[in-house]
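# Structural overview
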Amino acid sequence: MGELITRFYDVLLSIYIYNEYTGYIELEKLLAAIIQKHPEEKEFIAAVQKHTDDERKHYMMFKNYFTKNERMPFIVTDKYGYIDLFVKHIFKVKIEELDKNSIINNNEMFFKLCRLIMMTEFRGLKQVKTLLNNSLIKKNETLFKIFKVIEKDEPSHCYPYQYWLKKSDSHMPLLKEKLTDLWIHYSLMIIKVPVLLFNGKLKRMTEFY
């Protein structure tokens, strides 16, 4: 039973570390585009900068967890990346193929990206609250502390993009975007995570991202 619980922790954190890494790498590109296009928007830039820094911090917390336990994360792909899946379904391209400079110069595209980031972060906030009530997370003091940090940071990640949409008189998420959010969430929780948990052939990374 102890081995299964440890595997649950490692599968969960393998997904998290992938998402945190992808998050800060892509946010760095977006931040550079925002600074170039809207250098006067100091408050917005500072908020996106904090979001980027927090994603990197969260990545390092998960990396340190694996390092201290002398294990590596499992190999997961973009099929387990929340924002990866959102971008794929809404923009019809892989996240690394998004041209942030082109998007920042197209209001409708930028509004769409803001909605996706905002929805991803709101979903992340709900998920971390669920995890903090999970008995397995509660019994692991180190993981509980990590997720408490994330819970504290997460709200500030949602509101900059919501602020920008309201400031620009753009609409909130469309029905298609809401349905996509629900599908990604429940397909991960009900199908994809259990598949990883019981996949005996799942291999671990040989080095960190």
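Predicted model, so just to flag it, every value in this text is computed and none were measured.

## Quick notes on the side chain of Glu-26
- Among the secondary structure elements, Glu-26 is positioned in helix H1 (residues 2-37).
- Glu-26 gets classed as buried once you look at its relative accessible area, which sits at 10%.
- Excluding its chain neighbours within four sequence positions, the residues that come into contact with Glu-26 are Ile-95, Glu-96 and Lys-100.

## Points about the packing of aromatic side chains
- Counting across every chain of the model gives 16 aromatic pairs.
- With a centroid separation of 5.0 Å and 20 degrees between ring planes, the pair formed by Tyr-21 and Tyr-209 is classed as stacked. Remark: Tyr-209 occurs in the segment after helix H9 (175-197) and Tyr-21 occurs in helix H1; sequence separation between them is 188 residues.
- Taking relative accessible area as the criterion, Tyr-21 reaches 24% and is therefore assigned partly exposed.
- Look at Phe-44 and Trp-164: their rings are 4.6 Å apart centre to centre, the planes differ by 15 degrees, and that puts the pair in the stacked class. Residue Phe-44 is found in helix H2 (residues 42-68), and its partner Trp-164 is found in helix H8 (residues 155-167); the two are separated by 120 residues along the sequence. Trp-164 matches Phe-44 in its accessibility class, with the two residues each being buried.
- Through a chain of ring-to-ring contacts, three or more aromatic side chains come together here, namely Tyr-18, Tyr-21, Tyr-24, Tyr-59 and Tyr-209.
- Its end group placed over the ring of Phe-91, Lys-112 keeps NZ or CZ at 5.4 Å from the ring centre.
- One Lys or Arg, Arg-204, reaches over the ring of Phe-74 and ends 4.1 Å from the middle of that ring.

Analysis parameters
Residues numbered from 1 in each chain as written. Predicted model: local features only at pLDDT ≥ 70, side-chain atom pairs only at ≥ 80, totals over all residues. Heavy atoms only, no water. Helix = DSSP H or I, 4+ residues; strand = E, 2+ residues; numbered from the N terminus. Buried < 20%, exposed > 50% of the residue type's maximum accessible area, 1.4 Å probe, protein only. Contact = heavy atoms within 4.5 Å. Phe/Tyr/Trp six-rings, centres within 6.5 Å; stacked < 30°, edge-to-face > 60°. Lys NZ or Arg CZ within 6 Å of the ring centre and 35° of its normal.

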